[in-house]
Amino acid sequence: MNTAVDWLRTSTPGLLVLCGFAIAVLLVVIIKVKLEPFIALLIVGLGLALAAGLPVSEIVGTALKSNESLLETGFGGILGHIAVIIGLGTVLGAILERSGGAQALTSKLLGIFGERGAPIAMGLLGLIFGIPVFFDIGIFVLAPLVYVAARQGGKSLVLYALPMLAGLSMTHAFLPPHPGPVALGGLLEVNLGWLILMGFVCGIPGFIAAGLVWGNWIGKRVIVDVPDDFINDAPDAPDGAGGASVATKRSVVTTPPSVGLIGTIIAVPLVLILGATFGTILLDPGNLLEVLTFLGTPAVALLIAVLIAFYVLGIRRGSTVQELSALTGESLRPVGMLLLVVGAGAFFGKVISATGIGTALADAMAAAGLPIIVLSYVISCALRIAQGSATVAIVTTGGIVGPLVAAQDYSPMATALIAMSIAAGSIILSHVNDGGFWIIAKFFNMTVKQTLQTWTVLETILSVVSFAVAAVLFAIVA
């Protein structure tokens with residue numbers, strides 16, 4: 001008996017068996033038992049640590065001191081990195097949405113592209129507005145605007161909806177301040193500036209292939225009418241859409257903000273973060289670099305953008321400080337469970353590292369000749385397809401491959417590309433176990449078959465094309 005236990009805890013095959021069993025249990029608990037991923041990750045992480053023979057004091061600390069335990073450092077390390085960023089990003093998205101920025105962008109883009117180019121305009125709308133706004137909230141806000149474009153164009157709703165959905169999905173998967181990319185920045189210890197740059201580089205080709213090319217082709221073949229029960233409310237957000245979004249409580253905005261102002265506010269944190277990233281590479285140490293580093297720290301950059309938005313989109317447009325505070329509190333309510341899931345996933349990753357499973361994976365990967373970027377993508381795809389949650393797929397995969405990345409001397413760009421491969425895998429093959437699948441089916445008046453034909457294929461194309469770009473670039477720079 002002891003021999004079998006020792007084999008599991010010390011040999012490469014045994015550790016891999018433990019890891020595989022832990023992931024299988026995790027999937028069963030989430031899919032079959034329907035337990036919250038946060039609780040499931042905690043249970044499986046603790047069970048794996050005990051099964052691998054880690055001392056209790058290392059797992060949870062002692063009665064006198066717990067702040068150096070895997071549980072504390074796993075949760076605390078990642079949440080210290082992402083909580084402020086995700087919180088500020090959520091608030092920024094809320095004030096941009098409430099100001100009427102989506103309507104202003106829509107009018108401008110439709111004016112530029114005209115009726116024939118309306119699907120492209122919808123795609124760019126999703127791409128731009130998706131940077132600061134969560135995916136599901138983006139659907140709640142933008143869906144009525146897509147209805148208007150489809151009704152005016154007289155063609156299938158699919159033709160207009162898919163480009164917009166591709167834009168929202170691309171930004172949600174690949175760009176900070178969205179939770180997945182921000183979590184990967186912490187798990188893989190890579191600067192968010194590199195994630196922003198590689199997110200655009202890898203995500204834009206996927207957006208074009210999935211949203212514009214595929215959307216145009218399938219939109220002419222799957223005919224879906226605009227839902228009559230939504231079109232009457234099209235100029236406004238869909239009241240009662242069900243999400244915990246401030247979109248359902250928007251005050252009437254008589255004069256929408258200018259497109260230039262909206263674009264500037266969205267660009268401010270991206271430019272500041274990129275400035276700090278490349279300032280570190282191009283500038284010698286000095287006062288200028290210190291200023292760029294301070295302003296380009298993600299939390300500071302987003303705080304600056306939030307304060308600008310509060311003033312120019314709130315105070316100057318008649319909102320009171322109390323109203324802005326209420327908006328902030330309401331927008332942050334849905335973030336709590338997401339942060340707990342990410343924290344639990346980081347704890348799971350710490351356990352994998354401490355047990356030696358990460359080293360065992362590295363040895364097995366080297367023996368099989370499998371590049372780390374391919375392994376990352378395959379694991380993320382498998383987790384996504386099995387349990388449906390992109391966040392769970394990201395944090396679990398990041399925890400598994402994080403020790404492998406740390407053990408190698410990868411450049412920041414190469415590490416960011418590994419993060420992109422994980423992000424790409426986390427969105428593949430959205431189907432009936434994904435909550436987003438049902439939101440899209442409902443909002444865009446599609447049957448399950450039509451949603452599989454359109455949205456599921458779109459996500460898969462976006463995933464594969466974006467990963468292919470990441471893999472090619474990784475082969476060049478790694």
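The paragraphs below set out a description of the structure included in this document. Remember, it's a predicted structure, so these values are computed and weren't measured experimentally. (Residues numbered from 1 in each chain as written. Predicted model: local features only at pLDDT ≥ 70, side-chain atom pairs only at ≥ 80, totals over all residues. Heavy atoms only, no water.)

**Points about the pattern of salt bridges**
And then number 1: Evaluated as defined, the whole model comprises two salt bridges.
And then number 2: Here Asp434 ties to Arg384 by a salt bridge, and the two come within 3.2 Å at their closest N and O atoms. Pair noted here: Asp434 is in the loop between helix H21 (412-425) and helix H22 (435-443) and Arg384 is in helix H19 (residues 372-387), with a separation of 50 residues, a long-range link. Each member of the pair, Asp434 as well as Arg384, carries the same accessibility label: buried.
And then number 3: Ionic pairing is found between Glu459 and Arg384, a salt bridge with its closest N-O pair at 3.7 Å. Taken as a pair, Glu459 in helix H23 (residues 448-477) and Arg384 in helix H19 lie far apart in primary sequence, 75 residues in all. Pair check on accessibility: Glu459 and Arg384 agree, each one buried.
And then number 4: Shared partners join several salt bridges into a network, and the residues in it are Arg384, Asp434 and Glu459. (Salt bridge = Lys/Arg side-chain N within 4 Å of Asp/Glu carboxyl O. Helix = DSSP H or I, 4+ residues; strand = E, 2+ residues; numbered from the N terminus. Buried < 20%, exposed > 50% of the residue type's maximum accessible area, 1.4 Å probe, protein only.)

**A closer look at H22**
And then number 1: For H22, the set of buried residues is Gly436, Phe437, Ile440, Ala441 and Phe443.
And then number 2: In the core, the buried residues of H22 are packed alongside helix H8 (135-153), helix H9 (157-174) and H23.
And then number 3: The N-capping residue of H22, defined by a side-chain oxygen 3.1 Å from the backbone nitrogen of Gly436, is Asp434.
And then number 4: Once H22 finishes, Asn445 follows within two positions and takes phi at roughly 60°, a positive value. (Contact = heavy atoms within 4.5 Å. Polar contact = N/O pair within 3.5 Å; in protein donor to acceptor, adjacent residues only side chain to side chain.)

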